[in-house]
Amino acid sequence: MEALTLGPAGTYSHRAAKAVADEVVFTDSKTAIVEAVASGEYERGVVPVENSTEGPVTESLDAFAEFDVAAVRELITPIRHALIAQGPEFDVVASHPQALAQCREYLDENYPSATLESMTSTAAGVERAREDPSVAAIGHPQNAADGDLRVVAEDVQDQSSNATRFLVVAPASERSEAGSKTSFIVYPNVDYPGLLLELLEPFADRDINLTRVESRPSGERLGDYVFHIDVEAGLYEERTQDALAEIEAIAEEGWVRRLGSYDSETVLD
Ligand SMILES: O=C(O)C(=O)C[C@]1(C(=O)O)C=C[C@@H](O)C=C1
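An unreviewed UniProt entry lists the protein under the name Prephenate dehydratase, with Halosimplex carlsbadense 2-9-1 given as the organism. We quote the UniProt Pathway (unreviewed entry) comment for the protein here in full: "Amino-acid biosynthesis."

Below, the discussion takes up the packing of helix α7 (residues 195–205) against helix α8 (residues 238–250). With their axes 9 Å apart at the nearest point, α7 and α8 run at an angle of 165° to one another. Between α7 and α8, the angle falls in the class roughly antiparallel. Once α7 is placed against α8, the crossing between them reads as right-handed. Across from Glu198, Leu199, Pro202 and Phe203 in α7, the residues of α8 making contact are Ala243, Glu246, Ile247 and Ile250. Among the residues forming the contact of α7 with α8, the class breakdown is six nonpolar, no polar and two charged.

What UniProt calls "domain: Prephenate dehydratase" (unreviewed entry) maps, in this numbering, to residues 2–171. When the span residues 2–171 is considered, its composition is 28% helix and 35% strand, and the gap between its end C-alpha atoms is 13 Å.

Right, let's get into the domain arrangement of the protein. As far as domains go, the protein holds domain 1 (82–153) and domain 2 (181–262). Distance between the C-alpha centres of domain 1 and domain 2: 39 Å.

The next point concerns the site of the ligand. Near the ligand lie 15 residues; those nearest to it are Thr11, Ser13, His96, Ser121 and Thr122. Among the secondary structure elements, those contributing two or more residues to the shell around the ligand are α1 (12–17), β3 (44–51), α4 (97–102) and α6 (122–131). Counted by class, the shell around the ligand contains seven nonpolar, eight polar and no charged residues.

Mapped onto this structure's residue numbering, the UniProt feature "domain: ACT" (unreviewed entry) falls at residues 184–261. As a span, residues 184–261 carries 31% helix and 33% strand, and end to end its C-alpha atoms are 9 Å apart.

With antiparallel pairing, the four strands of this open sheet are ordered in space as β13-β14-β12-β15. On the outer flanks of this sheet lie β13 (210–217) and β15 (255–262), each paired with one strand and no other. Adjacent strand axes in the sheet meet at a mean angle of 15°, parallel and antiparallel pairs treated alike. Inspection of the sheet shows strand β12 (residues 181–187) paired to strand β14 (residues 225–231) by five bridges, in the antiparallel sense. Of the residues in β14, the one forming a bridge with Phe184 is Ile229. Each of β12, β13, β14 and β15 touches helix α3 (residues 58–66); the most contacted strand, β13, lies at about 80° to it. Relative to β15, α8 is tilted by about 160°, and along the sheet it contacts β12, β14 and β15.

Let us look at unusual backbone geometry. The peptide bond linking Gly7 to Pro8 adopts the cis configuration, its omega dihedral lying at 5°. In this fold, Pro8 is placed in the loop between β1 (2–6) and α1. Phi is positive for Asp155, which is not a glycine, with a value near 50°. Inspection of the secondary structure assignment puts Asp155 in the loop between β10 (150–153) and β11 (163–171). The exposure class assigned to Asp155 is partly exposed, which follows from the 13 C-beta atoms found within 10 Å. Positive phi is not limited to glycine here, since Asp207 has a value of about 60°.

The subject of this paragraph is the environment of Glu66. Here Glu66 lies in helix α3. Residue Glu66 is classed as partly exposed on the basis of its C-beta count, with 14 C-beta atoms lying within 10 Å.

Turning our attention to the confidence of the model for the protein. Mean pLDDT over the protein works out to 97, with 100% of the residues at or above the 70 mark. The ipTM value of the predicted complex is 0.98, and its pTM value is 0.96.

Moving on to the pairing of strand β7 (residues 92–95). When β7 meets strand β8 (residues 115–118), the two strands line up parallel, connected through four bridges. Its bridge partner lying in β8, Val92 is registered against Thr115. Pairing of β7 with strand β9 (residues 135–139) involves three bridges; the strand directions are parallel. By the bridge assignment, Val93 is partnered in β9 with Ala136.

This next bit is on the pairing of β3. Judged by how many residues are buried, β3 sits mostly within the fold: eight of eight residues are covered. Sheet topology note: the β1/β3 ladder contains three bridges and is parallel. Bridge pairing links Leu4 to Gly45 in β3. Relative to β11, β3 runs antiparallel, the two sharing six bridges. Looking at β11, one finds that Val47 is bridged to Leu167. Here β3 hands over to strand β4 (residues 55–56) after three residues, the two strands then running antiparallel side by side.

Each value, and the rule that gives it
Residues numbered from 1 in each chain as written. Predicted model: local features only at pLDDT ≥ 70, side-chain atom pairs only at ≥ 80, totals over all residues. UniProt positions renumbered as here; feature names shortened; annotations may be inferred. Axes fitted to C-alpha atoms, helices over the stretch in contact; angles between N-to-C directions. Helix = DSSP H or I, 4+ residues; strand = E, 2+ residues; numbered from the N terminus. Parallel < 35°, antiparallel > 145°, perpendicular 65-115°, else oblique. Left-handed = near helix turned anticlockwise from the far one by under 90°. Contact = placed C-beta atoms within 7 Å. Nonpolar A, V, L, I, M, F, W, Y, C, P; charged D, E, K, R; others polar. Domains from an automatic or database assignment. Near = placed C-beta within 6 Å. Pairing = 2+ DSSP bridges. Buried ≥ 20, exposed ≤ 12 C-beta atoms within 10 Å, placed from the backbone. pLDDT = per-residue confidence, 0-100.

Listed below in structure tokens is the structure:
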């Protein structure tokens, strides 16, 4: 099966996508991945959603609220960054903002005067370093395996436990009720004291553990939010269906989207 993910070759998304697809194709935005799967252009997409150091990948979350797709698998991958350059002297460090943020303390301590440059992906930063000796990149060490680049330093992420969670997305028709985890999005379109508490109580009442709650601005007006909620239960379970029915009643002025149920796996590379 073919999967669309964030390119060029050598991104962490590429490494995760290889675990679920025999052919991987690339684009340079997470929104484009979700949109292409929603429209049926691709059968699978692999997008990062959350990092243990830096938190949510907001572009992916916003794309899930905008385009109707199913989440069919979760991949968790440890992220161990290398500093990659043509030599030890450079003025610029180029990488994806998530990766730069995951190495903030290391860069402040070791390269306080380097200019940080945001790229569309870690591998795009590596391409930039390949072209320009004054630029270093942060990415997977394997990106230095060929050509003029070398690994200047390994394990430059601030937390040794640094890990990113990816979701594999499929067309909405492939949404599954089977799996140990479920993701859904709620837009209540109302605002009153205790609303968030009311949205979470149906899970607490049924002993369902929440693994993530993220609020994203709806874009409609200041203080108006879309909530991304992940729970440790499958849609096939009666308790999950009952909790969602209660939430749908609370959000009757807005909407509730089930991304679906899935199982989680760890991808080492
Ligand atoms: O730039 C890449 O290599 C990506 O796959 C994107 C991404 C992200 O957006 O979180 C994925 C994993 C790492 O956390 C850093 C960057």
